[in-house]
Amino acid sequence: MIAIVAGSVTMCGDSDEEKAANAEAAKAAHAECQKSLPCIGEKLVISAGYKCPAQIEKLASHSVKWVDGTLEPKFSRYRWSGSQLDVVTLLGDKAQFQNGFGAYTNVIYECDMSIGEEPTVLGVRVQEGRL
C-alpha cells in the first residue's frame, strides 16, 4: 500500500526541470506585468488594501471612518507616480476624517507603492474631496 502511494506521488509530482521552467515562466510573467499599468495596478490594489490604511489613518487629527463596503476595494484608481515607472500611486475616496467640530469630511487619499518583488508603501497623502 505504501509503495503504491509513494509511486503515485512520484509520478504526479513535478520534476526539478519542470519546477525550474515554471519558476522562470512566473518570473518572466511578473517582469512583463510590471511594464503594464493595468496589470501591476490591479495586483497592487490588493496589497495596498491592507498596507496603506494604517498609514492613512495616521494623517488624521481626529477619528477616521471608512465608508467602503466589506468586499469593496479601498482604492479605485491608480497611475504611474510621475516619471518613475517603478512606483505606482493608488487613489481612493472611501474614508472620512473627523474635524474639530465632530463632523466628518470626505477625503481623497493616495498611496505610493514600489512594484518590486515585495511591494512596499513609500508614502501617503490626503486631501479633502471626492474622486
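Scroll up for the structure.
Basis of the calculations
Position labels on residues start from 1 in each chain and follow its written sequence. Local features in this predicted model are restricted to residues of pLDDT 70 or higher, and side-chain atom pairs are both shown and tallied only at a pLDDT of 80 or more, whereas totals for entire chains, interfaces and linings draw on every residue. To obtain the side-chain values, all non-hydrogen atoms of the structure were used and water was disregarded. When a carboxyl oxygen of Asp or Glu is within 4 Å of a side-chain nitrogen of Lys or Arg, the pair counts as a salt bridge. Counting from the N terminus, the helices are DSSP H or I runs at least four residues long and the strands are E runs at least two residues long. Here a helix's expected span is defined as the number of its residues, less one, multiplied by 1.5 Å. Bend, at a single residue, is the angle you get between axes fitted to the 7 residues ending at that residue and the 7 residues starting at it. A simple rule labels every residue: compare its accessible area, found with a 1.4 Å probe on the protein chains alone, to the largest value its type can have, and call it buried under 20%, exposed over 50%, or partly exposed in between. When two cysteine sulfur atoms are found within 2.5 Å, that pair is recorded as a disulfide.

1. What to know about the pattern of salt bridges
In total, this model carries 6 salt bridges according to the counting rule given. Notably, a salt bridge pairs Glu118 with Lys51, separated by 2.9 Å at the nearest N-O pair. Of this pair, Glu118 sits in the loop between strand E4 (104-114) and strand E5 (121-128) while Lys51 sits in helix H3 (residues 37-51); the two residues are 67 residues apart in sequence, bridging distant segments of the chain. Taken together, the salt bridges that share partners define one network made up of Arg79, Glu110, Asp112 and Arg125.

2. Concerning H3
Relative to the 21 Å expected for 15 residues at 1.5 Å per residue, H3 spans 20 Å between its end C-alpha atoms, a close match to the ideal helical length. Of all bends in H3, the biggest is about 30°, found at Val45. Those residues of H3 that sit buried are Leu37, Ile40, Gly41, Leu44, Val45, Ser47 and Ala48.

3. Looking at the state of the cysteines
In total, this model carries 2 disulfides according to the counting rule given. Two residues, Cys33 and Cys39, share a disulfide whose sulfurs are 1.9 Å apart. On the S-S bond that ties Cys33 to Cys39, the torsion sits near -110°, and the link is left-handed. At a sulfur-sulfur separation of 1.9 Å, the disulfide partner of Cys52 is Cys111. Between Cys52 and Cys111 the sulfur-sulfur dihedral comes to about -55°; the bridge is accordingly left-handed. With Cys52 in the loop between H3 and helix H4 (53-57) and Cys111 in strand E4, the pair connects residues that are 59 residues apart, well separated along the chain. In this structure Cys111 comes out as buried when scored by relative accessible area, which is 0%. Cysteines bonded in the protein chain are numbered consecutively along the chain; their disulfide partners then correspond to 1-2, 3-4.

Structural measurements only, silent on function.
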